[in-house]
Amino acid sequence: MVDGWLPSHPVRMAKWAAALVSMFRKILIANRGEIAVRVIRACRELGIQSVAVYSDVDRASLHVRKADEAYPIGPSAAAESYLNIDKILDAARRSGADAIHPGYGFLSENSRFAHACATAGIKFIGPTAAAMELMGSKTRARQHMEQANIPFVPGTAHGLNSPEEAARVAEKIGYPVMLKAAAGGGGKGMRMVHGRDQLACALESAQSEAERAFGDGEVYLEKAIMNPRHIEMQILADEHGTTVYLGERECSIQRRHQKVLEESPSPFVDQDMRCRMGEVAVRVAQAAGYTNAGTIEFLVDQHKNFYFLEMNTRLQVEHPVTELTTGLDLVHLQIRIAAGEKLPFTQDEVCLRGHAIECRIYAEDPDNNFFPSPGKITLLLAPSGPGIRRDSGMYEGWTVPIEYDPLLAKLIGYGSDRKQAAARLVRALNEYFVGGIKTNISLFRRILNDEEFQQGRLDTGFLDRLLSRTRDQPRDDGAAEIAAIAAGLFSVLDPTTVVQTNGSFGALPGTAAAASNWKKTGRSEALH
Ligand code: MV4
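Structural notes, computed from the coordinates. Predicted, not measured: the structure shown is a model, and the values here were computed from it.

Overview of the overall build of the protein
And step 1. From N to C terminus, the protein includes 20 helices and 22 strands.
And step 2. For the protein, restricting intrachain contacts to residue pairs at least 6 apart in sequence, the fraction spanning at least 24 positions comes to 66%.
And step 3. Of the roughly 23500 Å² of accessible surface on the protein, 52% is carried by carbon and sulfur atoms.

This is the structure:
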């Protein structure tokens with residue numbers, strides 16, 4: 001019953017075990033890929049039956065194979081399957097599931113879904129529909145938090161009605177300012193404005209972009225923080241009024257608002273700052289009446305000032321780095337909280353140990369502007385070993401579909417300090433081989449070898465700077481690459497054939513013959 005290396009008190013553990021009587025019998029996972037597999041694993045460990053749902057193109061996906069049962073929910077288009085509330089609730093009813101875990105993405109932050117689950121008498125493993133709705137609007141959340149002494153970026157807590165109003169506020173707080181969609185997130189409807197002359201035009205385009213993207217054109221204004229860091233705080237809240245924070249995650253390494261590498265702890269955050277950020281995060285969650293796992297995002301400036309940005313009302317992709325540094329299992333705890341249990345530890349008992357770094361392995365081509373690279377995985381050599389965790393949704397022979405997010409797997413390095421975590425990660429990345437499709441694995445070697453990264457000098461511009469540095473370097477004419485391909489081909493071709501074609505490439509006596517047949521076959525497979 002121990003969830004990690006928290007001190008285990010006999011009395012508390014006995015209560016914990018007794019509470020299991022009211023635990024769910026069967027959980028439906030309304031998701032796919034690595035996160036569905038992650039939740040299935042937690043269910044299995046807790047003795048709970050798991051139910052997968054799948055779209056047409058996902059019928060042979062890993063989550064379908066790993067779950068106890070699986071239900072088809074329709075065509076490949078997400079809108080007709082993973083985003084279809086009726087179909088998912090229908091599968092839940094047919095399977096007799098008493099709870100639904102939404103994972104991340106898809107319906108995970110849809111308050112109508114949470115509401116529909118409650119109406120159907122199925123427990124949604126996450127916050128209430130009301131808490132999700134409050135956090136869905138940045139301006140509403142901001143108004144709601146005004147009493148709770150939360151540090152916000154200076155700006156407005158309501159939508160702008162005119163360019164004149166925007167200009168008055170901008171004049172007061174000083175340019176540059178940021179225009180943001182109230183319903184936004186992910187940078188949609190966001191504009192940086194450097195002066196009065198750009199303001200009216202930017203406001204109009206931000207409003208129409210927000211209207212198109214979210215069906216809500218409300219746009220508000222904040223002072224722009226230059227070269228900020230993105231640091232977020234994990235919280236857990238039970239349904240009995242206890243909220244704790246579990247340390248931060250440094251998420252500044254992003255490309256086009258897509259996180260690429262995350263770590264915990266942040267190299268920028270000291271114990272005092274962590275404590276202050278954690279207390280703010282707990283206040284935000286409590287002011288929202290929040291329950292279950294959640295994340296408070298902060299923008300952090302160069303002077304270590306931090307500002308509440310938004311709250312993510314779901315389990316996040318990068319939750320493993322927090323699991324490794326706290327020793328807690330966040331999915332176990334989500335399920336137990338949803339089942340009505342009290343948190344089995346206090347804030348004082350949470351102890352952070354070591355360092356964890358996560359790489360998001362995507363099916364995309366780093367040499368072609370990170371374009372998606374779907375297709376069949378012909379060969380898969382997966383790393384493991386000391387300090388390595390791999391959460392993966394792929395297997396050899398599986399075809400990566402084009403229809404969904406291209407996240408294939410997460411590779412997490414853990415060590416007693418940042419240097420050891422990074423070294424283990426580099427070692428594991430070099431062991432990783434995914435044949436048949438392109439992946440971004442090579443990008444992580446570049447990041448981890450970068451001097452600024454190694455010094456922990458990160459901000460949200462880090463990755464763009466790294467990528468433009470290498471892009472500007474003169475490329476060779478391809479001769480080295482051609483030579484490498486030729487060498488690879490010759491090394492796996494039958495030496496007798498090679499001699500017939502060109503005697504000069506004949507194998508030296510004893511070397512080719514001595515080479516292991518296993519090695520040869522492996523290389524040959526990899527070249528297909
Ligand atoms: C900002 C900002 C600077 N100043 N707000 C981008 C996504 C959205 N959730 C918040 N974002 C930002 N808000 C102020 N007042 C800079 C960003 C930003 C950013 C934030 C987090 C991670 C990556 C980012 C990349 C570009 C801009």
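A closer look at helix α14 (residues 441-449)
And step 1. Among the residues making up α14, those that are buried are Ile441, Leu443, Phe444, Ile447 and Leu448. On an axial view of α14, the arc spanned by its buried residues comes to 145 degrees, and they lie on one face.

So, unusual backbone geometry
And step 1. For the bond running from Tyr175 to Pro176, omega is -5 degrees, close enough to zero to count as cis.
And step 2. On the secondary structure map, Pro176 appears in the loop between α8 (163-173) and β6 (177-181).
And step 3. The step from Ser264 to Pro265 runs through a cis peptide bond, and the omega angle for that step is -5 degrees.
And step 4. Along the chain, Pro265 turns up in the loop between β11 (258-264) and α10 (271-287).
And step 5. Phi is positive for Asn227, which is not a glycine, with a value near 45 degrees.
And step 6. In this structure, Asn227 sits in the loop between β8 (219-223) and β9 (229-237).
And step 7. Taking relative accessible area as the criterion, Asn227 reaches 46% and is therefore assigned partly exposed.
And step 8. With phi around 80 degrees, Asn292 is a residue other than glycine that occupies positive phi space.
And step 9. Summarising the element assignment, Asn292 is placed in strand β12 (residues 292-300).

Observations regarding the site of the ligand
And step 1. Not every one of the 17 residues close to the ligand is listed here, only the nearest: Lys180, Glu222, Lys223, Ile225 and Glu310.
And step 2. Lys223 places a main-chain nitrogen or oxygen 2.8 Å from a nitrogen atom of the ligand.
And step 3. Within the backbone of Ile225, one N or O atom sits 2.9 Å away from a nitrogen atom of the ligand.
And step 4. Summarising the interface, the protein chains cover 87% of the accessible area of the ligand, which totals 530 Å² for the free molecule.
And step 5. Within the residue set of the shell around the ligand, elements represented by two or more residues are β6, β8 and β13 (306-312).
And step 6. Of the residues in the shell around the ligand, the class split is seven nonpolar, six polar and four charged.

Considerations on the pairing of strand β19 (residues 388-392)
And step 1. Most of β19 sits inside the fold, with four of its five residues counted as buried.
And step 2. Looking at chain direction, β19 and strand β21 (residues 407-415) are connected through five bridges and run antiparallel. In the sheet register, Asp391 faces β21, and the bridge partner there is Lys410.

Quick notes on the pattern of salt bridges
And step 1. Per the stated rule, a full pass over the model turns up 28 salt bridges.
And step 2. Across the salt bridge formed by Arg142 and Glu222, the nearest N and O atoms sit 3.5 Å from each other. Residue Arg142 is located in helix α7 (residues 138-145), and its partner Glu222 is located in strand β8; the two are separated by 80 residues in the primary sequence. Here the two residues Arg142 and Glu222 agree in accessibility, since each one is buried.

Re the sheet that holds strand β1 (residues 26-29)
And step 1. Spatial ordering of the open sheet is given by β3-β2-β1-β4-β5, a layout of five strands whose pairing is parallel. Here the strands that pair on one side only, and so sit at the sheet edges, are β3 (69-72) and β5 (123-124).

With respect to the packing of aromatic side chains
And step 1. Following the criterion strictly, the structure yields seven aromatic pairs and no others.
And step 2. With a centroid separation of 6.3 Å and an interplanar angle of 75 degrees, the aromatic rings of Phe106 and Tyr404 are classed as edge-to-face. Linking Phe106 in the loop between β4 (99-101) and α5 (111-119) with Tyr404 in the loop between β20 (399-400) and β21, this pair joins segments that are 298 residues apart in sequence.
And step 3. The class of Tyr404 is buried, set by a relative accessible area of 8%.
And step 4. Through a chain of ring-to-ring contacts, the aromatic side chains of Tyr82, Phe106 and Tyr404 assemble into a single cluster.

Focus: the sheet that holds strand β14 (residues 355-362)
And step 1. On the basis of which strands lie adjacent, the open sheet formed by eight strands has the order β13-β12-β9-β10-β11-β14-β21-β19 and antiparallel pairing. Across the chains shown, the open sheet's two edge strands, defined by having one partner strand only, are β13 and β19. Neighbour-to-neighbour, the strand axes of the sheet open up by a mean angle of 25 degrees, direction not taken into account.
And step 2. Two elements, strand β10 (residues 243-255) and β11, share four bridges in a ladder whose sense is antiparallel. When the sheet's bridge partners are listed, Glu250 is paired in β11 with Glu263.

Some remarks on helix α11 (residues 319-326)
Since there are 3.6 residues in each turn of an α-helix, residues three or four apart along the chain are aligned in direction.
And step 1. With eight of eight residues buried, α11 lies mostly within the body of the structure.
And step 2. When we look at burial in α11, the residues that qualify are His319, Pro320, Val321, Thr322, Glu323, Leu324, Thr325 and Thr326.
And step 3. Gly327 sits one or two positions beyond α11 and adopts a positive phi of about 75 degrees.

Topic: the side chain of His332
And step 1. Topologically, His332 is positioned in helix α12 (residues 330-338).
And step 2. With a relative accessible area of 10%, His332 lands in the buried category.
And step 3. There is a polar contact of 2.7 Å between the side chain of His332 and the side chain of Glu45.

Overview of the side chain of Glu34
And step 1. Among the structural elements, Glu34 can be located in helix α2 (residues 33-46).
And step 2. A polar side-chain atom of Glu34 sits 3.0 Å from a polar atom in the side chain of Lys410.
And step 3. Leaving out residues up to four positions away in the same chain, Glu34 has contacts with Tyr104, Asp391, Ser392, Gly393, Leu407, Leu408 and Lys410.

Section: the environment of Leu429
And step 1. Position of Leu429 among the secondary structure elements: in helix α13 (residues 418-431).
And step 2. Separated by 18 residues in sequence, Leu429 and Leu411 have C-alpha atoms that sit 8.1 Å apart.

The rules we used
- Residues numbered from 1 in each chain as written.
- Predicted model: local features only at pLDDT ≥ 70, side-chain atom pairs only at ≥ 80, totals over all residues.
- Heavy atoms only, no water.
- Helix = DSSP H or I, 4+ residues; strand = E, 2+ residues; numbered from the N terminus.
- Contact = heavy atoms within 4.5 Å.
- Areas by Shrake-Rupley, 256 points an atom, 1.4 Å probe, with all protein chains shown as cover.
- Buried < 20%, exposed > 50% of the residue type's maximum accessible area, 1.4 Å probe, protein only.
- Arc of directions from axis to C-beta.
- Near = heavy atom within 4 Å.
- Polar contact = N/O pair within 3.5 Å; in protein donor to acceptor, adjacent residues only side chain to side chain.
- Nonpolar A, V, L, I, M, F, W, Y, C, P; charged D, E, K, R; others polar.
- Pairing = 2+ DSSP bridges.
- Salt bridge = Lys/Arg side-chain N within 4 Å of Asp/Glu carboxyl O.
- Phe/Tyr/Trp six-rings, centres within 6.5 Å; stacked < 30°, edge-to-face > 60°.
- Axes fitted to C-alpha atoms, helices over the stretch in contact; angles between N-to-C directions.

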